[in-house]
Amino acid sequence: YGLEDSSRQWYFTLRETLIQLNCGMSRLDKSVFFYCVDNKLQGLLVTHVDDIIYAGTGKFRKNVIVKLTEKFRISRLVTGISEYLGWNIEQDSHHILVDQRLYAEKIKAVDLSSVRKTQLDELLTKEESHHTNSYLGNFCGYRVKPDLI
């Protein structure tokens, strides 16, 4: 922490450890790792900067997650219902439910006067543009994947 490339170095260290634990890395998204036994998926792990979320079988937990917690200091390990980067995740023995309901409820509308709302062909003012960009930036920062919504 504190170094300019510390996030990058953390990723390389984590990636190397996961590969040593026989995890594969997605060819489409380098933050997604998977663990298979006899060609059957046992678990998935996703990392974003220094956050990790995972789901899997007891075998995955024993062979990958427990070993990660032995090697790295994990500040919080949550099971069941959780929130991760704007996603709400609930898991029981049969289902995984993922939504962004709580995040969406926090999004605030840009305040416009009733007169301004009728001026549909007018360009945004600098202030309106600033507010809109800040809301869009926050929204995009959560790595929203519409195909998962």
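Above this note sits the structure.
The following refers to the structure shown. All figures in this text were calculated on a predicted structure; none of them were measured in a lab.

In this structure, L18, L45, F60, V64, I65 and L68 are the most contacted members of the largest nonpolar core, which totals 13 residues. Listed by contribution, the elements that provide at least two residues to this core are α1 (6-20), β2 (32-37) and α2 (58-71). Here this core gets four residues from one element, more than from any other, and that element is α2.

A separate point is the packing of aromatic side chains. Scanning the entire structure with this criterion turns up four aromatic pairs. Both rings, one in W10 and one in F72, keep their centres 4.9 Å apart while their planes meet at 80°; by these two values the pair is edge-to-face. In this pair, W10 sits in helix α1 while F72 sits in the loop between α2 and β5 (82-84), placing the two residues 62 residues apart along the sequence. Judged by relative accessible area, F72 falls into the buried class, the value being 13%. Summarising the aromatic geometry, the rings of Y54 and F60 are spaced 6.1 Å apart at their centres and angled 55° between planes, so their arrangement reads as tilted. Among the residues examined, F60 registers a relative accessible area of 1% and is labelled buried. Through pairs of rings, three or more aromatic residues link up here, namely Y35, Y54 and F60.

Rules behind the numbers
- Residues numbered from 1 in each chain as written.
- Predicted model: local features only at pLDDT ≥ 70, side-chain atom pairs only at ≥ 80, totals over all residues.
- Heavy atoms only, no water.
- Core = buried A, V, L, I, M, F, W, Y, C linked by side-chain atoms within 4.5 Å.
- Buried < 20%, exposed > 50% of the residue type's maximum accessible area, 1.4 Å probe, protein only.
- Helix = DSSP H or I, 4+ residues; strand = E, 2+ residues; numbered from the N terminus.
- Phe/Tyr/Trp six-rings, centres within 6.5 Å; stacked < 30°, edge-to-face > 60°.

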